[in-house]
Amino acid sequence: MAQKGVQLDQETFSCSICLDLLKDPVTIPCGHSYCMTCINTFWDEDQKGIHSCPQCRKTFRPRPVLLKNTMLAALVEELKKTGLQAAPADHHYAGPGDVACDFCTGRKMKAVKSCLVCLASYCEKHLQPHYDVPPLKKHKLVEPSKNLQENICSRHDEVMKMFCRTDQQSICYLCSVEEHKGHDTVSAAAERTERQKELEVGQLNIQQRIQDRQKDVKLLQQELKDIRVSADKTVEDSEKMFSELIHLIQNRSSEVEQQIRSQQEIEEGRVKELQEKLEQEIRDLERKDAELKQLSDTPDHSQFLHNLPSVSAFSEFKHSSSINIRPLRHFEEVTATVSELRGKLEDILKDTWTNMSLTITQPDVLLSGPEPEPKTRAGFLRYSCDITLDPDTANTWLVLSDGDRKITGVKQQQYYPDHPDRFSRWSQILSRESLTGRCYWEVERTGRGFYVAVAYKSISRTGRDIGFGRNDQSWALGYYDNSFGFWYNNIQTPISGPYSSRVGVYLDHSAGILSFYSISETMTLLHRVQTTFTEPLHAGLWVRYGGDTAEICKLK
């Protein structure tokens, strides 16, 4: 139809409700057109019974009677014949995740720039004065931003063009002469320049580390190449030497196989017997777990206390055994070993056949229990961990010091940037490092209130039950007003001393063991937990406001 002298715009013939070409177009009294189904559905869903235009918001009473606009329908059909299709969603209009133009009326267009001076966002049409009008040309334009209002001072409703270095926050000019009077204040641009220098230094350090790591990767790639070459040569040499040994072991192969199969039956029987014992242990544990759950759910306190002794004997259940595999030899020794074996094999087969039989019958899989907990402080120090505290998790009533190892509870709330990992209510903090395996650390405290804890990274950071030991995501030993107590899932277990200013924490993650010790001239166990940890743990600290401190000690 464009060839007939009529220029059709597919946007003009699109329904502003479904954003598709009009279907059975109708025109309402204000002059706007919609699909008949779309406008009827729009009005049907209006709970207030007010029939208005979705674009101009003009209302109509009573509800208009809709008739198909035959001329508009014919134009739409002609548009379809041209092969053009209306876009399901016009990229010029602002969607749910876009920044909308602040100057558009009705359906807003997508902003292409935001102005840091006007503190407004503009589409291409409304942005044009910033390119044409001399005073507006000086304005700072940036990519569209939804956070422009963060540049406005909530107290004076002015643009924050200053920065207070004393309080480490952006301020407006009026702030600098009122509540921030006498503080070290500079322009935001000057502070940006200084911070930019720090950022550039950090970038240079990162780039240098990238180059160093790239060199390391190249070295590893060469090492991989050398490993492949060495392995291929070892395989080639081994195949050659073993081919020479084949005729020497053919007469013994059936006997070896017979001995191996015989030993296989013995070992399988032993392992199956152990497996049956373990499966029986699992059934016993599941039964015990069901009894404990039933007891825990009992609302009758007397019945709970009466049945508790009969179901609370946990010591009879030993820790399940673990499987250790013999370490393999490095293949670079294979060539030498096989070469030596080639010269000695005839003598071994003739003179030491009994020893070979014993070697065959030794099992490859050994079963053993977990390593015992250390008995002395020197034994614990073998597992000491280098732990630092994560500032991103620190509550705003804490101050970090001593290389992020020490926290102090303060009476004046600190300014820390927002972070999803920061604790909102309790004055507590987590370590940067996640803890698995066997770990030991010590905490030195001052004051009358502190907790030392371990917690999952997934522990909640907001709400009333985020305190260490007040949920099932953390375990905590607390000291408050000269008394110790252990907390888990908001249940306290009183602990008798001895009280000291230093507490040692031992964790065996895989064995599910967590122990707390009082450290003085001697090392005294305060409390031990036996459980199953399902995630890596982080060390945690809590102190009371008003100068109480807790510090993770350097043990190495």
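Definitions and limits used
- Residues numbered from 1 in each chain as written.
- Predicted model: local features only at pLDDT ≥ 70, side-chain atom pairs only at ≥ 80, totals over all residues.
- Heavy atoms only, no water.
- Pairing = 2+ DSSP bridges.
- Helix = DSSP H or I, 4+ residues; strand = E, 2+ residues; numbered from the N terminus.
- Axes fitted to C-alpha atoms, helices over the stretch in contact; angles between N-to-C directions.
- Buried < 20%, exposed > 50% of the residue type's maximum accessible area, 1.4 Å probe, protein only.
- Polar contact = N/O pair within 3.5 Å; in protein donor to acceptor, adjacent residues only side chain to side chain.
- Core = buried A, V, L, I, M, F, W, Y, C linked by side-chain atoms within 4.5 Å.
- Contact = heavy atoms within 4.5 Å.
- Salt bridge = Lys/Arg side-chain N within 4 Å of Asp/Glu carboxyl O.

**Student:** Is there a simple way to explain the sheet that holds strand β13 (residues 398-401) in this structure?
**Tutor:** Note on sheets: strands pair through backbone hydrogen bonds, and any given pair is parallel or antiparallel. Across the sheet, which stays open at both edges, the seven strands sit in the order β13-β14-β25-β16-β21-β22-β23 with antiparallel pairing between neighbours. Edge positions in the sheet fall to β13 and β23 (523-530), since each has one partner strand and no second. Pairwise comparison of adjacent strand axes, ignoring direction, gives a mean angle of 20° for this sheet. Inspection of the sheet shows strand β22 (residues 513-519) paired to β23 by seven bridges, in the antiparallel sense. Bridging from a neighbouring strand, Ile-513 pairs with Gln-530 of β23.

**Student:** Even after reading the chapter, I still don't get the side chain of Ser-518, so can you show me in this structure?
**Tutor:** Structurally, Ser-518 is set in strand β22. Residue class for Ser-518 comes out buried when judged on its relative accessible area of 2%. Here the side chain of Ser-518 touches Pro-498 through a polar contact of 3.1 Å, landing on its backbone oxygen.

**Student:** So what exactly am I meant to see when it comes to the nonpolar core here?
**Tutor:** Considering soluble globular proteins, one finds that nonpolar side chains tend to be buried as a cluster. Counting residues in hydrophobic clusters, the biggest one holds 34 residues, and the most contacted among them are Trp-441, Val-452, Trp-475, Leu-477, Leu-514, Phe-516 and Leu-541. Excluding residues within four positions of it along the chain, Trp-441 makes contact with Ile-387, Leu-435, Val-452, Ala-453, Val-454, Val-503, Gly-504, Val-505, Leu-507, Ala-539 and Leu-555. Counting 17 residues, the second largest nonpolar core, distinct from the first, contains Phe-13, Tyr-34, Cys-38 and Leu-66.

**Student:** Would you take a moment to explain the pattern of salt bridges for this structure?
**Tutor:** Pairing between side chains becomes possible if they bear opposite charge and their charged atoms approach one another. In this structure the tally under the stated criterion is 22 salt bridges. Between Asp-297 and Lys-293 there is a salt bridge whose closest N-O contact spans 3.0 Å. The exposure class assigned to Lys-293 is exposed, which follows from its relative accessible area of 54%. Notably, a salt bridge pairs Asp-421 with Lys-457, separated by 3.9 Å at the nearest N-O pair. Taken together, the positions of Asp-421 in the loop between β14 (406-409) and β15 (428-430) and Lys-457 in the loop between β17 (449-456) and β18 (474-480) put the pair 36 residues apart, joining distant regions of the chain. Look at the salt bridges and you will find they share partners, linking Arg-377, Glu-442, Glu-444 and Arg-502 into a network.

Purely spatial values, then, with no claim about function.
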